[in-house]
Amino acid sequence: MPSGMNTDVDNTCDIVVKRNSWSSKKRTRDGMRSDFTPAKKRASALLGKCHPNAEQNAVPQMTEKEDTVKEQYYSDNEDLFDGYDSIMDDSSFLAKLEDVEQNIEEHENSCLAQQTAKSIKHSCEDDLTDSVLTEAFHDASLREFPASHTVFQRDVSNIKIPTLGIVSTSTPDVKQSKQPAISTNTYIDSNKSAPKARRSMTDQLKRAMLENAASSNRISKTVLQKEAVMSEEINVAMQAIESVSMEGDLGPFFGLPSKVKDLILRLKGIQDLYEWQKACLSLDSVIQRRNLIYSLPTSGGKTLVAEILILKEILCRKKDAVLILPYVSLVQEKVRGLSSFGIELDFMVEEYAGSKGKFPPVKRRAKNSLYITTIEKGHSLVNSLIETHRLDNIGLVVVDELHMLGDGSRGAVLEMTLAKVKYVCKGTQIIGMSATLGNVGDLQKFLSAENYTNDFRPVQLKEYVKLRDSIYEVNPKEEDGLTFSRLLSFKYSSAMQKVDPDHIIALVAEVIPQKSCLIFCATKKNCENVAGMICKYLNKDFLKHREPEKAALLAELKDSGSGCLCPVLQKTVPYGLAYHHSGLTSDERKLVEEAYSSGVLCLLTCTSTLAAGINLPACRVILRSPYVGADFLKRSQYKQMVGRAGRAGLDSVGESILILQDKDKDKVKNLVSAPMETCYSNLLHDGNRGLLSLILSLIGLNVTQTVEQVLGFMSGTLLSVQEVQVCQQKTLKELIQESTEILKQKGLIEASSYVPDNAILQITRLGRATFKGSIHLSYCDVLYKDLSKGLEGLLLNSFMHLVYLVTPYDMVSLCKPDWMIYFREFTKLSAAEQKIAAALGVPESFVARKAAGQSVRKCVDAVVVTRLYLALVLYSLLRETTLWNISDRFQLTRGFVQALLSSASAFCSCVLHFTEELEEFWAFKALLTELTRRLTYCVQAELIPLMEVAGVMEFRAKQLYNAGYKTLAHLANADPNVLVNSMENLYKKQANQIVSSAKMLLQEKAETLQQEVDDLLMLPNDLPSV
């Protein structure tokens, strides 16, 4: 970009040039001064010579244009013809000129007899003679004409006209304007044809304007200099525009305006990039938009590089972008973080997680969008864009945690998504990043990508292993991989030694409360036990550290539970400790994470899911054991956990300590020095489920129509790259043919002809509903039967029946009914609801017998029984009973109840899309739309608008509502400083993110409504014409 250009982002939207010129606005008839006024004066003089009363018939003169013209500012998309088009389009103005000419001609005809005796000095051999009005243009002020118009006037004035001059231009000869008025009645030569009618004034004006616009630039030096300055500015601007289209360069910050760098400093506190980040952003693959995989250790700053590339795609190339993240919590965190950038840089940030997200997304004309999505929602998003032929709007797809390709069914979904993007839209760039990649070569082949690897960490990491009282440092150079470091010195009483044989308290006391610590435990129960155990033996001085903030945190935890508080947290929080696992509610997890990030809590006991989730670094990370549940740690899991050690900007060194027993010593030596696990395709996971789903969607989207075309598509998958390792019993072609037959048997696809390998495959109605709803192939036929049976006797005076229909099938295996609770809750149902339960196959007599411990001879479907039990849990939640009460009534952990609710809301959204494709289920559309909304938020109706904002949970929504922020508009226009002062335990950064997210959501809703208005008012392309 030229150094002289202003790199401020506010000035990059329109390139502005400054010029003395006429306004480009349309001229009005009244009160508008014109440079054609002198022609009227000339007309009046002529009429006076022809008739003594000519003054009475003369057209009133138009007021002359003022000598000075105000400076006008023009952007690069404005008309540079100085408003000529607006004059030509003004039919009233042109009609007025025609009237003037007609009046003149009438007066000239009345003077015809007097003029015939005089000799004619000049004759016109042109087919059309010029209008007399043009002779009087010499009175106009040439310096007020546009430059090109002035040039044309000067050119005409220099033309020498011979004695018997032939006037060959429609523009007046200024030098001859001093001659006496000439009658338009010309001498007719006997050898020449009679002259034709006079040239129309309208035609003359249009012709003159077109010639003026094309004239050369030979003007005065002053005007020439002004024109040169303007021309230079336009050239610079055009060079900038060309660089945007060719290189995507808008400024000095890696092709982005300097405002982006300022925003990163203001919103993220990052003053400069690391050297590896600069090197990565300067790679040829990045500049030339080739696919890229880059891997660095955890906390190395990978995400910032991805965000800069996303901003470059949106701002420079004017394309949409997709960011795929593994968990809902990460999506919500990133939406909050990037909404501020969207507000400042004028693009949309849209959340696709859980039940949120519109398919296909709203097509926006004015702004580009960043879609932040989970793996599953990202697949549905890509499918909807392919179906509507809009995938080419996506310029960039970024995948965080690319190693998730090897994670079971979720990995299969991610592989399908990337393979479709590669196949359908080859111009879309794919960026993958991860901290743990083993077989990166296979992934490079799959994505046709280049690789960038660096071992940079902003804070040095030292890995240790604790065995009995000794601590060893991990040293790959040593033979056994370990080097003795020190003995653990901490005075333990005999009672403490029995309670804490692994010396966790000693390891923790070395860093807290001044620094932070994470303890990863094998199970959820172990997290709670370890946190409680540490509190027993901590010094009472810990209670005084940030005591007011911890008291406020306890109050908020109690409010989030509607007056209920976890007894473990009630005991540990005063010491600055808490546990973190899936057993907490979303509100509790959010509060604990915020308190830890701000330093109110100094220690968290957690499960391995925290390592892959939200970024919560610590000075010291302790691994309670080398197990996750009953399984030994994988190398990738270990690296993710220890990678949380070291806080950039706060710690000089991060420490990780793995506690092990003698029996695990050999395994741990291999663990700390082993290479990363290989990432394999999961399309054949769970009985080829991924492959079946992929083939079904390819046929449904018309991407492929024959087995051979499917095989061609599969050649671009990770499964094809790893065919030798993964497809050991059958070839890929055999697997495809086998999967196609299974889909036919299920009635999801059909063949239009029976020619082997060349049969045209078509999707059935059920197949289309299955892939559009993202329904598991194992459940699609069961769901269809359940919905069909439901229509026969759908109970509408209660949500009970609908809730059963959207209770997730995959949650059944995670719950075992308590028969006494089942019977108690069953008897609370109304007679109509019990009748529905009996129709489903669960009569009251069956539940009563099971509760009494009696045997049941009649065969009952166990899946239906458990689904109904879970439906009772959800039904109780919908009746505005608190999650804590439901957890207590059904003897389920509140975390499980929360997970059930989230899963049900997502599945309800899937069932809604499923029914939309089947006409017989039309009645479900309105019913499931409302049910999805209720399950998503499950709160009082007035809180829903606030909870739509990313990251605002129920407790925060209640706080905001009670503080007077009752609508989305209230929150979007709130002052973050006022929010901080009006609510406890809310920090400035969090308040800024909440307000920015609310603004983005409000803007998104407004844009959507405006888009609907524009679509309604748009003129149809196929409108019949006469």
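Residues numbered from 1 in each chain as written. Predicted model: local features only at pLDDT ≥ 70, side-chain atom pairs only at ≥ 80, totals over all residues. Heavy atoms only, no water.

Explain the overall build of the chain to me, please; I cannot follow it from the model alone.
Secondary structure summary: the chain contains 45 helices and 21 strands in total. In the chain, which comprises 1026 residues, the share counted as buried stands at 50%. At a minimum sequence separation of 6, the contacts of the chain that also span at least 24 residues come to 73%. Summed over its atoms, the accessible surface of the chain is roughly 48,800 Å², and 51% of this surface lies on carbon and sulfur atoms. (Helix = DSSP H or I, 4+ residues; strand = E, 2+ residues; numbered from the N terminus. Buried < 20%, exposed > 50% of the residue type's maximum accessible area, 1.4 Å probe, protein only. Contact = heavy atoms within 4.5 Å. Areas by Shrake-Rupley, 256 points an atom, 1.4 Å probe, with all protein chains shown as cover.)

Is there a simple way to explain the side chain of S798 in this structure?
Its location among the elements puts S798 in the loop between α32 (780-792) and α33 (800-805). The class for S798 is buried, based on a relative accessible area of 11%. Within the local environment of S798, its side chain forms a polar contact with the side chain of Y875, the two groups lying 3.0 Å apart. Setting aside anything within four residues of it in sequence, one finds S798 in contact with E833 and Y875. (Polar contact = N/O pair within 3.5 Å; in protein donor to acceptor, adjacent residues only side chain to side chain.)

I would appreciate a short explanation of the nonpolar core in the present structure.
Across soluble globular proteins, nonpolar side chains show a tendency to be buried alongside one another. Counting residues in each nonpolar core, the largest one holds 119 residues, and the members touching the most others are L418, M714, Y822, L868, F914, L928 and L931. By residue number, the principal contributor to this core is helix α37 (residues 862-878), which donates 12 residues. Apart from residues lying up to four places away in sequence, L931 is in contact with F799, L802, V803, V806, L878 and C908. Ranked by size, the runner-up nonpolar core spans 73 residues in total, among them L467, L616, V621 and F955. (Core = buried A, V, L, I, M, F, W, Y, C linked by side-chain atoms within 4.5 Å.)

How should the sheet that holds strand β3 (residues 292-295) be read in this particular structure?
Within a sheet, each strand pairs with its neighbour through backbone hydrogen bonds, oriented either parallel or antiparallel. Taken together, the seven strands give an open sheet; going across it, the order is β5-β6-β4-β7-β8-β3-β9, and neighbouring strands pair in parallel fashion. Of all the strands in the sheet, just β5 (348-352) and β9 (450-453) have a single pairing partner and so form its edges. Here the average twist between neighbouring strands, direction ignored, is 15 degrees. In this sheet, β9 lies alongside β3 in parallel orientation, the contact comprising four bridges. Residue pairing for β9: L292 is matched across the bridge by E450. (Pairing = 2+ DSSP bridges. Axes fitted to C-alpha atoms, helices over the stretch in contact; angles between N-to-C directions.)

Explanation requested: the sheet that holds strand β11 (residues 470-474) in the structure shown.
Here eight strands make up an open sheet; going across it, the order is β12-β11-β10-β19-β16-β13-β15-β14 and the pairing mixed. With partners counted over all chains shown, the strands left at the sheet margins are β12 (482-487) and β14 (577-580), one partner each. Between one strand axis and the next, the sheet turns by 25 degrees as a mean value, whatever way the strands run. In this structure, strand β10 (residues 460-467) lies alongside β11, joined through four bridges in antiparallel fashion.

It is not clear to me how the packing of aromatic side chains should be interpreted in this structure. Could you clarify?
Within a pair of aromatic rings, the relevant descriptors are the distance that separates the centres and the angle that separates the planes. Taken as a whole and assessed by the stated rule, the structure comprises 17 aromatic pairs. Measuring from centroid to centroid gives 5.5 Å for W819 and Y822, while their planes differ by 5 degrees, and the two rings are stacked. Taken as a pair, W819 and Y822 lie in helix α34 (residues 819-827) at a separation of three residues, close to a single helical turn. On the basis of relative accessibility, which here comes to 23%, the residue W819 falls in the partly exposed class. (Phe/Tyr/Trp six-rings, centres within 6.5 Å; stacked < 30°, edge-to-face > 60°.)

Honestly, the confidence of the model for the chain in this entry has me stumped. Any pointers?
In low-pLDDT segments, the atomic positions of the prediction should not be examined closely. For the chain, the average pLDDT comes to 79, and 75% of its residues sit at 70 or higher. Mean pLDDT values for the elements of the chain range from 40 in strand β1 (residues 16-19) up to 97 in strand β4 (residues 320-324). Note on residues 244-248: pLDDT under 50 across the span, and eight contacts to partners over four residues away in sequence or across chains. (pLDDT = per-residue confidence, 0-100.)

What is the right way to read the pairing of β14 from this model?
Put simply, side chains in a regular strand alternate between the two faces of the sheet. Because side chains alternate across β14, one face comprises the buried residues L577 and Y579, and the other comprises A578 and H580, equally buried. Sheet topology places β14 next to strand β15 (residues 603-606); four bridges connect them, and they run parallel. Looking at β15, one finds that L577 is bridged to L603. In the classification by handedness, the crossover that spans β14, the intervening helix α22 (residues 586-597) and the parallel β15 is right-handed. (Right-handed = clockwise from strand over helix to strand, strands pointing away.)

What is the right way to read the pattern of salt bridges from this model?
Between side chains of opposite charge, a pair can form when the charged atoms approach closely. This model, assessed by the stated rule, comprises 40 salt bridges. The residue R364 makes a salt bridge to E350 at a minimum N-O spacing of 3.1 Å. Residue R364 is located in the loop between β5 and β6 (369-373), and its partner E350 is located in strand β5; the two are separated by 14 residues in the primary sequence. The pair formed by R364 and E350 is uniform in burial state, with each residue classed as buried. Where salt bridges share partners, they join E387, R768, K772 and E917 into one cluster. (Salt bridge = Lys/Arg side-chain N within 4 Å of Asp/Glu carboxyl O.)

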